[in-house]
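Residue strings, one per chain:
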Amino acid sequence: MTANKKTTTNVNKASASERGNASAASMKAWHTLPGDAALQSLESRLDGLTPSEAKARLARHGPNQLPEVKRRTIAAMIADQFKDFMILLLIGAAVVSGVIGEPQDTIAILVIVLLNAVIGFVQEIRAERAMEALKKLAAPNAVVRREGQTLEIPAVNIVSGDIVLLEAGRIVPADLRLLEVASLRIAEAVLTGESMPVEKTVDAVPDHDAALGDRKNMAYKGTQVVYGRGVGVVAETGISTELGRIANLLGSEKEVKTPLQKRLAVFGRNLGLAALAICALVFVVGVMRGEDVVLMFLTAVSLAVAAVPEALPAVVTITLALGARRMVRTHALIRKLPAVETLGSVTYICTDKTGTLTQNKMKAERFSVNGSMVSGRPAICNESWTWLLRGAALCNDVSAAGEQEEQSTVGDPTEVALYEVAAEGGFRREHLEEDWPRIDEIPFDSERKCMTTFHTSPEGGWVSFTKGAAEVIVDRSLDRLGEDGTLPLDSERIGREIEAMADDGLRVLGIAMRRWKDMPSSFAPEEVEKDLTFVGLAGLMDPPRPEAEEAIGLCKSAGIRPVMITGDHPATALAIARRLGIADGPDDILTGKELAALSLDEFERIVQEVRVYARVAPEQKVKIVRALQDKGEFVAMTGDGVNDAPALKRAEIGVAMGITGTDVAKEASHMILLDDNFATIVHAVREGRRIYDNIRKFVKYTMTSNSGEIWTIFLAPFLGLPIPLLPIHILWINLVTDGLPGLAYAAEPEEKGLMTRPPKPPKETLFAHGLGAQIIWIGLLMGAASLATQGWAFYTDHAHWQTMVFTVLCLSQLGNALAIRSDRESLF
Ligand code: ATP
C-alpha cells in the first residue's frame, strides 16, 4: 500500500505526515483518489482478485471483523462456580468443622460442592456454545467479484482489493471506494448520526479533510444501502475501517436480560432474603436449645445454600439457549434470546404473502396483448407480443449462468418468470442486450411498485421499458400498442382483464414502453415513468405452500390470528388467502390506500377485523403493528426489505426472511426464518410455548422442593424434635434429588393440547395460576410427611430416624417431580 505515487498531492502530503502509521494515512486518503488510482494502489482490477490472491491477503491482514467482546476463559468460568458467597461460606464452614470435628464430613461436603460446580460449568459451556453457533449462523454475507465470477461469501473473509457489489438492503461489509453507482443511496447514521441517506457518486473528493458524510465516493462498513446499486473496491477491512476506529468508543454490546430473567432475579433476591432470615432463626433456635454451635452453623448455611434460588436466572438462560439451538434444526434462527420466551405469547402473526405463504416459484401462465387474453404462449409472434417479450427480457435484472439447457438463473422469482418466458420465445436477455444495451435504470421499489430501464435502440434513439404492478402501469400510460402503431388506451377493458387474472390468484404485471428522441434531462421517476405506451399484461402463478394451510389451521386452534400483508393486488391476495383459510371474502381486506386514509384511532377500531392487507407499502406495516399493540395484541411480523426494518424492530417478534431477506431486515429482526416458510413461524411459536412451560415447571419444582426442605428443618424444633437432617443430607438433597430432575425439565416433551390452548397473556407472570400458594402448601405437605415420620420414629426410639426422614423427603421430592410434569394430565 505504499504505491501511492500516481495519486494527488494531497495524498502524498498525508502519507508523508503520517508515515509512521501507514494504515491511518491511507485510510484518510481513499476519497481523494480517482477510482482507477484506488484500484491500482490496492493492486486490484474490476473483475476482482483471484481466489489465491484473496487467500494470501486474508492470511496477511486477518479477517474483516471488529474485535470481539472478550470471552470468559474456561478457568474463569470454573472459578465463577465458586464465587457465590453462600458456597464460599459453606466451604469455610466445612473446613472449620473438619478441623475440630470429623474430617469425613468435610470431604463429603467438598465433593458435593465440586459436583455442583461441575454441573453448573457443563451447563454454562453448553449454553455458551449454543449461542456462539447461533451467532455464526446469523453472520452476514457479502457479494464479491473474484476472477470475473460473482460470489456470495461470509463478510469476514473480505480482503482489501476485493470488488464488492452493493444493492438495496445490504449492509456495507467493509470500507469501499465506489467505482460504479446507480442511484445508490446509503444511510450512514451509525457513523455520522445523520438519518437522511446520502446519494453516492464515484468522483474523487479533493478535500483531504472532508467530513465522513461528504466523502460521497466512499461506502463505509456497517452503513446500510437503502436504494439503488453500486460496485466498490475494498479499501479497508476490520479494525482499520471507520467503524473499527469507533468500535472501542461504542463499547461492547451488553448482554440483554430477558423479561423473565429480570423478574426472576428480583424474585430470587427477595426470596433469598426471606430464606436467610429463616436460616438465621433456625440457627438461633437450635443454639438456644443447646445444640452444638458448629453443627447448627453448618446446618443453617447448608439450608441457606439449598434454599436460596440463586441459579434460577442462569437456568432460564441455559434453557432458552438450548431451546434456541433446537429451533435452528427446524429452520428458526433466534437472534435475540428473549424471543424464545416471548414467542409463546404471540397472538397475531402478520406475514408476507410472496415466498412465505406461497412457494415463490413463479410461472407466467396468462397474457394480454393487443386487446386479447391468451393462456400460455400464443402461436403467432406479432408486433405487440414481440414488444412484450422484449420488455420482459430487457427490463429485468436476472443474471443467468451457463448455456441453454444447463442454464441457471439468479434473481427475483417475478423476474425469473418473465426472463424465462421471454427466453423461450427467443428473446434471451444476454443476446438482446447486444443490440439494445442498457444505459441507465430506475430500480424497482415497493413504494412505486415498478421499475424502468433505458436502452439504445438499434432503430435509432432510445427506448425505455417500465414494468410493475398492472394498475400502476395502466395509470402511467397514455395509449396502447396495437399491431400498427398506437391505439387509444381502453383502461376499463384492461382493468377487467387485471381483475379476472387476479381473481384466479395470478400476480399481474404490466409492461409499457416509451420512445425517446433525446435522452430525458433528469432520471427522476416522476419525469420518466409517465406518458407510457401500454404493451401488455403477464399473469404469474405462485402456488401456495402446501404446508401453509395446515400451519394456518394450527394458528387458529392456538388462538393466534394469521394476517396477510402484501404488496400484491387485492384480488390476487384474496384468492390466495381464501385458498389458505386466512380470509373469507372481500370484507376481510383493507388496501394500502384505505389504510392511509384512516387515522390511527379509526384504524384501531377495525384493526382486529382485517385479515388481509393488499397493495400496502412496507412503511405502513409500522402502523399495523402499532394499532395491534395498542389493542393489547402481541405481534409477530415478517419482512425482508429495507423498509420493513422499522416494523420488524417494533413488533414483539420481528421475523426476517433468511433466503430473500436483506441484511438490514435481518439485523432488525429477533428471529430469522432460514427457509422463509410460514409454517416455520408456527413451529417456533409451538417450541416457544413448550420451552416456557418447561421453565415454569422447573421453577415450580425447585421452589416447592426448597420450601419442603425449609419447612422440615424450620418446624422440627417447634415440635420439640431435634434437627432432622445433617448438613450433608441437605446438600445431597439440593444437588441430587433437587438439582438433577430439575435439569431434566429442559428436555421435557410438549404437553398434549399445547396448540389448542390460547396464548399466555403477555403480562401474566410466571407465578400466575396460584404458583405462589402451591409453593407454600406443597412444601408444607412434604414437610408434614417428613416430620410425621421423624416424630413417630424419634418417639418410638428408632435408631434410624434420621435415615427415615432423609428417605421420605427424597422420595416425596421425586414424587413431586413426576407430579409437576403436567398441570392438566394424570401421571398415568
Ligand atoms: P409480499 O409482501 O407478499 O412479499 P410483494 O412481493 O408483492 O408482496 P412487493 O415486492 O412490494 O410486494 O411488490 C409489489 C408489487 O410490485 C407486486 O405485486 C408486483 O406487481 C410489483 N413487482 C414486484 N416485483 C417487481 C419487479 N421486480 N419489477 C416490477 N414490478 C414488480
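Predicted, not measured: the structure shown is a model, and the values here were computed from it.

Novice: What exactly am I supposed to notice about the nonpolar core here?
Specialist: Most often, soluble globular proteins keep nonpolar side chains buried together rather than apart. Ile349, Tyr613, Met637, Met671 and Phe678 are the most contacted members of the largest nonpolar core, which totals 92 residues. Tallying contributions element by element places helix 27 (residues 678–715) first for this core, with 13 residues. With residues up to four places along the chain from it excluded, the contact list for Met671 reads Ala332, Leu333, Ile334, Arg335, Leu343, Gly654, Val655, Ala656, Ile681 and Ala684. The next biggest cluster of nonpolar side chains, apart from the first, holds 29 residues, and it includes Trp387, Leu388, Leu418 and Ala538.

Novice: Quick question: what am I supposed to make of the pattern of salt bridges here?
Specialist: Should the charged atoms of two oppositely charged side chains come close, the side chains can pair. Counted by the stated rule, this structure contains 36 salt bridges. We note a salt bridge from Glu433 to Arg429, for which the minimum N-O separation is 3.2 Å. Of the two residues, Glu433 and Arg429 are both situated in helix 16 (residues 429–435); the distance of 4 residues between them amounts to about one turn of the helix. Judged by relative accessible area, which is 22%, Glu433 ranks as partly exposed. Here Arg429 falls in the buried class, since its relative accessible area comes to 13%. The residue Arg493 makes a salt bridge to Asp490 at a minimum N-O spacing of 2.8 Å. Several salt bridges share partner residues, and in doing so they unite Lys353, Glu471, Arg507, Asp568 and Arg615 into one network.

Novice: Just checking my understanding: could you explain the confidence of the model for the protein for this structure?
Specialist: Low-confidence regions, as indicated by low pLDDT, have predicted coordinates that should not be scrutinised in detail. Overall, the prediction assigns the protein a mean pLDDT of 86, with 93% of residues at 70 or greater. Low pLDDT, under 50, characterises residues 1–26; the predicted model gives this stretch 26 contacts beyond four residues in sequence or across chains.

Novice: Whenever I open this one, the site of the ligand confuses me. Can you help?
Specialist: By nearness alone, 19 residues border the ligand, and Lys353, Thr354, Ser446, Arg507 and Thr566 come closest of all. Asp412 has a polar side-chain atom sitting 3.3 Å from a nitrogen atom of the ligand. Arg615 places a side-chain nitrogen or oxygen 3.2 Å from an oxygen atom of the ligand. Look at the ligand: alone it shows 610 Å² of surface, and the protein chains cover 89% of it. Of all the secondary structure elements, the ones that give two or more residues to the shell around the ligand are strand 16 (462–469) and strand 19 (506–516). Among the elements that line the shell around the ligand, the one with the most residues is strand 16, at 3 residues. Considering only residue class, the shell around the ligand consists of 5 nonpolar, 5 polar and 9 charged.

Criteria and thresholds
- Residues numbered from 1 in each chain as written.
- Predicted model: local features only at pLDDT ≥ 70, side-chain atom pairs only at ≥ 80, totals over all residues.
- Heavy atoms only, no water.
- Core = buried A, V, L, I, M, F, W, Y, C linked by side-chain atoms within 4.5 Å.
- Buried < 20%, exposed > 50% of the residue type's maximum accessible area, 1.4 Å probe, protein only.
- Helix = DSSP H or I, 4+ residues; strand = E, 2+ residues; numbered from the N terminus.
- Contact = heavy atoms within 4.5 Å.
- Salt bridge = Lys/Arg side-chain N within 4 Å of Asp/Glu carboxyl O.
- pLDDT = per-residue confidence, 0-100.
- Near = heavy atom within 4 Å.
- Polar contact = N/O pair within 3.5 Å; in protein donor to acceptor, adjacent residues only side chain to side chain.
- Areas by Shrake-Rupley, 256 points an atom, 1.4 Å probe, with all protein chains shown as cover.
- Nonpolar A, V, L, I, M, F, W, Y, C, P; charged D, E, K, R; others polar.

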